[in-house]
Amino acid sequence: MIIHKKENTTFLLDIHKQDDMLSTLYTDAVYNVNQTKGSIPLKTTSNQKPSFPLSKKHIYSVSYIPEYVRLTPSNAVDFRVRSFKSVKGYSVWLGECSTMKDFLPSLRRSQRKSLSRSLKRLDSCFDMKYKMYHGEISMEHYSFLMDTLKSMILKRFEQRGETSESIALWDKIHSTSFDLINNRKASLFVGYNDTEPVSISLNYHYDKILFGYVTSYNIDYSKFSLGQIGIYKRLEWCLENGYELFEMGWGDLAYKKWWSNNIYNFRHEFIFPKGSPIANLQVMFYGYKTEIMAYLISKNVNIYYRRFKSFFSNKKYQDIESQYALVDVKFEHNDYKNKPPIPLSDSEIPRSIIYDFLFLSQTKLSNISVYSMDDEKNYIITGNKMTKKIVYTPND
């Protein structure tokens, strides 16, 4: 009995990175979302001879194909295609809007108020700047931003007690993305507080589609909704540059539902040799496994499983931030005014606690003062007519 070897590729991720396989399997790819139509190039080189020839000993698995994408198989004579329903996908169709002012009315009033409030808070506390690296970036700055992004992801997932799929693929992502950015097939969108990167997104570009693949932010700024603001700013960039679809991919997360106006199903295609009962049975097994997993995910079984693992895990995330709290100042602490303020660098206050105070007081870092209490563990922080006590509460 001949067992056919399975070759795997992920459509949304490998259009640029592994184009020989996709361009061998398919002759073209077209997309159609409402009035938005276009084609996605499957091959980025001019080589006529494919370096990835089809073999009848293999089954080709192509996952995460959006349902709005139609693919034309290259060899319908010798090979057969079977499709299976996969998980939900989330995207934002920008329609015929040309500016964010045109787009915002499509959001609910509560969403618009939340965005406006978040943007105002962030700008009132920090000197924010945004830059899209799309077409030109030095290797030195690329490596710095990618290392920063990786560090953000690791800290964020450690905080959540989870592991990141992106980190498992990081070597491949890092080794391919530099050339893709310089060839305008990918980009890094960075939010800076002055010169410090505080949010970074790695995106892929397909015709008029921007796919936000890997995104993270500095968790010290958690109060400031950097994830939502990052999406807002990238949508703004899309509208300024003629993009019509902002793709957020898979993952049934609240922020994706918050933004998405085009929710769909991915499909998983298998291409296998005709006339092979064994290959057909293998494909049926792989395909139904895909559909079962998608069904379980739709019922949140994966979320319950993660919670179950977290509950019984002996590993608990502990950080210094959790040992401090901001509380209202009582009358007896007003004597802090008789003391000189101390530099933040001379205190043990976590940066996240300082930023939480900035968020509450809506003031900049340069406008606050910090005073040490007699116990040298607790502090008084004041700024913009607000005063709080930073209380040290060690974990048991």
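One structure accompanies this document, and this report is about it.

Thresholds applied
- Residues numbered from 1 in each chain as written.
- Predicted model: local features only at pLDDT ≥ 70, side-chain atom pairs only at ≥ 80, totals over all residues.
- Heavy atoms only, no water.
- Core = buried A, V, L, I, M, F, W, Y, C linked by side-chain atoms within 4.5 Å.
- Buried < 20%, exposed > 50% of the residue type's maximum accessible area, 1.4 Å probe, protein only.
- Helix = DSSP H or I, 4+ residues; strand = E, 2+ residues; numbered from the N terminus.
- Contact = heavy atoms within 4.5 Å.
- Expected span 1.5 Å × (residues − 1).
- Pairing = 2+ DSSP bridges.
- Axes fitted to C-alpha atoms, helices over the stretch in contact; angles between N-to-C directions.
- Phe/Tyr/Trp six-rings, centres within 6.5 Å; stacked < 30°, edge-to-face > 60°.
- Lys NZ or Arg CZ within 6 Å of the ring centre and 35° of its normal.

## Quick word on the nonpolar core
Ranked by internal contacts, the top residues of the largest apolar core, which has 54 residues, are Phe11, Tyr26, Ile40, Val69, Leu188, Leu202 and Tyr204. In terms of residues, this core owes the most to one element, helix H5 (residues 139-160), which gives seven residues. Excluding residues that lie within four positions of it along the chain, Tyr204 makes contacts with Leu12, Leu13, Lys17, Ser177, Leu180, Lys185, Ala186, Ile209, Leu210, Phe211 and Tyr213. In terms of nonpolar packing, the next biggest core, distinct from the first, is built from 45 residues, Tyr90, Val92, Leu210 and Ile354 among them.

## Quick look at the environment of Leu239
Mapped onto the fold, Leu239 is located in helix H8 (residues 226-240). Residue Leu239 is classed as buried on the basis of its relative accessible area of 8%. Considering only alpha carbons, one finds Leu239 and Ser98, 141 residues apart in sequence, at a separation of 5.4 Å. For Leu239, the residues in contact, after removing those within four places along its chain, are Leu94, Cys97, Ser98, Thr99, Met100 and Phe103.

## Let's talk about unusual backbone geometry
Across residues other than glycine, the phi torsion is negative in most instances, and most of the peptide bonds are trans. You will see that Asp194, though not glycine, has its phi angle at about 60°, which is positive. By the secondary structure assignment, Asp194 is in the loop between strand S8 (186-193) and strand S9 (196-206). For Asp194, a relative accessible area of 46% gives the class partly exposed. For Gln362, which is not glycine, the phi torsion reads 55° and is therefore positive. Structurally, Gln362 is set in the loop between helix H12 (351-361) and strand S14 (369-372). Residue classification places Gln362 among the partly exposed positions, given a relative accessible area of 33%.

## Remarks on H8
An ideal rise of 1.5 Å per residue puts 21 Å on 15 residues; H8 measures up with 21 Å between its terminal C-alpha atoms. Across the 15 residues that make up H8, a large majority, 11, are buried. Among the residues making up H8, those that are buried are Leu226, Ile229, Gly230, Ile231, Tyr232, Lys233, Arg234, Leu235, Trp237, Cys238 and Leu239. Directly after H8, the chain includes Gly242, whose backbone phi takes a positive value near 80°.

## A few points about the sheet that holds strand S16 (residues 386-392)
With respect to topology, four strands assemble into an open sheet ordered S13-S16-S15-S14, the strand pairing being antiparallel. Only two strands of the sheet have a single neighbouring strand rather than two, namely strand S13 (324-328) and S14. With strand direction ignored, the average angle separating the axes of adjacent strands in the sheet is 25°. Pairing of strand S15 (residues 379-383) with S16 involves five bridges; the strand directions are antiparallel. Bridge pairing in S16 links Gly383 to Met386. Where H12 meets the sheet, its contacts fall on S13, S15 and S16, and the angle it forms with S16 comes to roughly 155°.

## What about the packing of aromatic side chains?
Going through the model one piece at a time under the given rule, you end up with 23 aromatic pairs. With a centroid separation of 5.7 Å and 75° between ring planes, the pair formed by Trp250 and Phe266 is classed as edge-to-face. You can see Trp250 sitting in the loop between strand S11 (245-249) and helix H9 (254-259) and its partner Phe266 sitting in strand S12 (residues 262-273), a full 16 residues away along the chain. Given the relative accessible area of 1%, Phe266 is considered buried. Among the aromatic side chains, those forming a connected cluster through ring pairs are Tyr64, Tyr68, Tyr204, Phe211, Tyr213, Trp250, Tyr264 and Phe266. Stacked on the ring of Phe359, the Lys or Arg Arg121 has its end atom at 4.4 Å from the ring centre.

## Some thoughts on the pairing of S8
Counting buried positions over the eight residues of S8 gives eight, a clear majority of the element. Here S8 shows a buried face lined by Ala186, Leu188, Val190 and Tyr192 and a second buried face lined by Ser187, Phe189, Gly191 and Asn193. Two strands pair when backbone bridges link them, and strand S7 (residues 128-133) and S8 are joined in this way by six bridges, in the antiparallel orientation. The residue of S8 that forms the bridge with Tyr130 is Gly191. In this structure, S8 lies alongside S9, joined through eight bridges in antiparallel fashion. Looking at the pairing, Leu188 lines up with Leu202 of S9.

The values reported here are purely geometric and, on their own, carry no functional implication.
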